[in-house]
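# Coordinate analysis (summary)
So you can see what is in the structure, the chains are spelled out below.
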Amino acid sequence: RNHRVLSVLPEGFTDEAGTLLTNIQESMAENEKYIIDKQDLVYLLSHDLSERPNDLSLHARLHRLLVAENSTPKIEHHTDAYLTLLVKSENWREALELLEDARARRADWREVGHIAPLAQAAMRQSKPQLAGQLIKGFDKKHAVHADIPKIYLIGAQLMAEWGGKPDEAQRILQHLLNRYPTDAV
């Protein structure tokens, strides 16, 4: 918990400015209490998660509190852990919502191990733009990653089903077959 010192505004004035100062002081005290209550809730939920790390409802509540607290490092750290759990449990709707929230906060967000399954989920939920954004440049940035064949297949599907470019899809599939002939994809 962060302990902060509140400013003490002048007291004892009965005119309009004095009333305003009193109201401001009371608002600052209420706001500080609200901040402390949120910090206490974050602590309690974090403790509960240490005992039940796979509880999605606890993760959802903690994430909402962290967003309300607006602590970017805590939000990003929790997003990675929460998203991993959502992908592992195949809770794609919530995973994509969390992903879109993460990308709204930081456009370059990428949890490399989740790109292929999230892109596939985005396609299943009729979000081809999100799928395309996720896989764009993946093969260049992660040239030896095990998911490259999946990424190529997703790219071909996007071209054929959403992009109206069957020839481009065919070219990607041919490249996939030539480069990864033994891959299960």
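Residues numbered from 1 in each chain as written. Predicted model: local features only at pLDDT ≥ 70, side-chain atom pairs only at ≥ 80, totals over all residues. Heavy atoms only, no water.

### A closer look at the overall build of the protein
Looking only at helices and strands, one finds nine helices and zero strands in the protein. Its helices and strands in sequence order give the protein the pattern α-α-α-α-α-α-α-α-α, from N to C terminus. In terms of C-alpha radius of gyration, the protein reaches 24 Å, well past the compact-globule figure of 16 Å for 185 residues. Dimensions of the protein, computed from the C-alpha atoms along their principal axes, are close to 85 × 40 × 25 Å. Counting contacts in the protein only where the partners sit at least 6 residues apart, residues at least 24 apart contribute 51% of the total. Accessible surface for the protein amounts to roughly 11700 Å². Of this, 54% is attributable to carbon and sulfur atoms. For the protein, the distance from the average site of its 23 positive side-chain charges to the average site of its 27 negative ones is 8 Å. (Helix = DSSP H or I, 4+ residues; strand = E, 2+ residues; numbered from the N terminus. Rg over C-alpha atoms; globule rule 2.2 N^0.38 Å. Contact = heavy atoms within 4.5 Å. Areas by Shrake-Rupley, 256 points an atom, 1.4 Å probe, with all protein chains shown as cover. Lys, Arg positive; Asp, Glu negative; His and termini not counted. Charge placed at Lys NZ, Arg CZ, Asp CG, Glu CD.)

### Examining helix α6 (residues 128–135)
Residues of α6 that are buried: Leu-130, Ala-131, Leu-134 and Ile-135. Seen end-on, α6 carries its buried residues on one side only, within an arc spanning 125 degrees. Turning to α6, the residues buried within the fold contact α4 (92–105), α5 (115–124), α7 (138–141) and α8 (148–162). One or two residues past the end of α6 sits Gly-137, with phi positive at roughly 75 degrees. (Buried < 20%, exposed > 50% of the residue type's maximum accessible area, 1.4 Å probe, protein only. Arc of directions from axis to C-beta.)

### Comments concerning the packing of α5 against α8
It is the contact of α5 with α8, at a shortest axis distance of 10 Å, that shows an interaxial angle of 20 degrees. Considering the angle they form, α5 stands roughly parallel to α8. Crossing of α5 over α8 shows left-handed handedness. In contact with Ile-115, Ala-116, Ala-119, Gln-120 and Met-123 of α5, α8 contributes Lys-150, Ile-151, Ile-154, Gln-157, Leu-158 and Trp-162. Here the contact of α5 with α8 is composed, by residue class, of eight nonpolar, two polar and one charged. (Axes fitted to C-alpha atoms, helices over the stretch in contact; angles between N-to-C directions. Parallel < 35°, antiparallel > 145°, perpendicular 65-115°, else oblique. Left-handed = near helix turned anticlockwise from the far one by under 90°. Nonpolar A, V, L, I, M, F, W, Y, C, P; charged D, E, K, R; others polar.)

### A look at the confidence of the model for the protein
Of all residues in the protein, 98% attain a pLDDT of 70 or more, and the chain-wide mean is 88. Here helix α1 (residues 16–51) stands out as the least confident element of the protein, with mean pLDDT 81; α5 is the most confident, with 96. (pLDDT = per-residue confidence, 0-100.)

### Re the nonpolar core
Grouped together as the largest cluster of nonpolar side chains are 34 residues, with contacts concentrated most on Leu-83, Leu-96, Leu-99, Leu-118, Leu-134, Ile-135 and Ile-154. Residue assignment for this core shows that the elements contributing at least two residues are α3 (72–88), α4, α5, α6, α8 and α9 (166–179). Among all residues touching Leu-83, those that are not within four sequence positions of it are Ala-95, Leu-98, Trp-109, His-114 and Leu-118. Ranked by size, the runner-up nonpolar core spans eight residues in total, among them Leu-45, Leu-49, Leu-58 and Leu-65. (Core = buried A, V, L, I, M, F, W, Y, C linked by side-chain atoms within 4.5 Å.)

### Looking at the pattern of salt bridges
Under the defined criterion, the tally for this structure stands at 10 salt bridges. Across the pair Arg-93 and Glu-97 runs a salt bridge, and its minimum N-O distance is 3.0 Å. Pair noted here: Arg-93 and Glu-97 are both in helix α4, with a separation of four residues, about one helical turn. When salt bridges that share partners are traced, they join Arg-93, Glu-94 and Glu-97 into one network. (Salt bridge = Lys/Arg side-chain N within 4 Å of Asp/Glu carboxyl O.)

### With respect to the environment of Leu-158
Among the secondary structure elements, Leu-158 is positioned in helix α8. The exposure class assigned to Leu-158 is buried, which follows from its relative accessible area of 10%. Sequence separation between Leu-158 and Ala-107 is 51 residues, and the spatial gap between their C-alpha atoms is 21 Å. Ignoring sequence-local partners within four residues, the contact set of Leu-158 consists of Met-123, Pro-128, Ala-131, Gly-132, Ile-135 and Gly-163.

### Comments concerning a nonpolar patch on the surface
A cluster of nonpolar side chains, namely Leu-41, Tyr-43 and Leu-44, defines an oily patch on the protein surface of about 340 Å² accessible area. The class for Tyr-43 is exposed, based on a relative accessible area of 57%. (Patch = residues over 30% accessible without salt bridge, like charges linked within 9 Å, V, L, I, M, F, W, Y side chains within 5 Å.)

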